[in-house]
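# Chains, contacts and geometry: an overview
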Amino acid sequence: MLAAAVFVGAMPIGPTCARKAGLLELARKKAGALRLARPSIGQRRADPQTLDLFAEVEHV
């Protein structure tokens, strides 16, 4: 998970799980300890542990 969609207290929840559990709607209503994560504006960095699927292709 590169970016959290919702925080339950201090615990990040990813976008797929938050959507399936219905947490996005609850966080928009500011229910309980739920809050929406701030969108990341910066560039995403590649994870050094992840290998390229097509290593022979030149990435721009």
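Report follows, based on the coordinates. Numbering of residues starts from 1 in each chain and follows the order in which that chain's sequence is written. Two thresholds apply to this predicted model, a pLDDT of at least 70 for residue-level local features and 80 or more for giving and counting side-chain atom pairs, whereas whole-chain, interface and lining totals are computed over all residues. For the side-chain quantities, the full set of heavy atoms in the structure was used; hydrogens and water were omitted.

## Overview of the overall build of the protein
- When its secondary structure is counted, the protein shows 2 helices and 3 strands.
- Order of helices (α) and strands (β) in the protein, N terminus to C terminus: β-β-α-α-β.
- Remark: exposure states derive from per-residue accessible area (1.4 Å probe, protein chains only) relative to the maximum for the residue type, with buried under 20%, exposed over 50%, and partly exposed in between. Counting the 60 residues in the protein, one finds 15% classified as buried.
- Whether two residues are in contact is decided by their heavy atoms: any pair within 4.5 Å suffices. Taking as baseline every contact in the protein between residues at least 6 positions apart, the subset at least 24 positions apart corresponds to 36%.
- For accessible areas, the Shrake-Rupley method is used with a probe of radius 1.4 Å. Any residue's cover is judged against the shown protein chains and nothing else. Looking at the protein as shown, the accessible area adds up to about 5700 Å², and 58% of this sits on carbon and sulfur atoms. Helix and strand definitions here come from DSSP, where helices need a minimum of 4 consecutive H or I residues and strands a minimum of 2 consecutive E residues; each element is numbered from the N-terminal end.

## A closer look at the sheet that holds strand E1 (residues 6–8)
- In this scheme, strands are said to pair when DSSP sees at least two bridges between them. Across the sheet, 3 strands lie side by side as E2-E1-E3; this open sheet has antiparallel pairing. For this open sheet the edge positions go to strand E2 (11–13) and strand E3 (34–36), each flanked by a neighbour on one side alone. Adjacent strand axes in the sheet meet at a mean angle of 30°, parallel and antiparallel pairs treated alike.
- Summarising the sheet, E1 and E3 pair through 3 bridges and their orientation is antiparallel. Here an axis means a line fitted to C-alpha atoms, over the contact stretch when the element is a helix, while the angle between two N-to-C directions is reported on a 0 to 180 degree scale.

## Let's talk about the nonpolar core
- Counting residues in hydrophobic clusters, the biggest one holds 7 residues: Ala-5, Val-6, Ala-18, Leu-23, Leu-24, Ala-27 and Leu-34.
- A total of 3 residues in this core trace back to one element, the largest contributor, which is helix H2 (residues 23–28).
- Those residues in contact with Leu-24 that lie beyond four places of it in its chain are Ala-5, Val-6, Ala-18, Arg-19 and Leu-36. Put simply, a nonpolar core is a bunch of buried Ala, Val, Leu, Ile, Met, Phe, Trp, Tyr and Cys residues held in one set by side-chain atoms that sit within 4.5 Å of each other.

## Description of a nonpolar patch on the surface
- A cluster of nonpolar side chains, contributed by Leu-53, Phe-54 and Val-57, occupies part of the molecular surface with about 340 Å² of accessible area.
- If you trace the backbone, Phe-54 turns up in the segment after E3.
- Owing to a relative accessible area of 49%, Phe-54 belongs among the partly exposed residues under this scheme. Nonpolar side chains (Val, Leu, Ile, Met, Phe, Trp, Tyr) are joined into patches within 5 Å and like charges within 9 Å, using only residues with over 30% relative accessible area and no salt bridge. Should a side-chain nitrogen of Lys or Arg be within 4 Å of a carboxyl oxygen of Asp or Glu, the pair is scored as a salt bridge.

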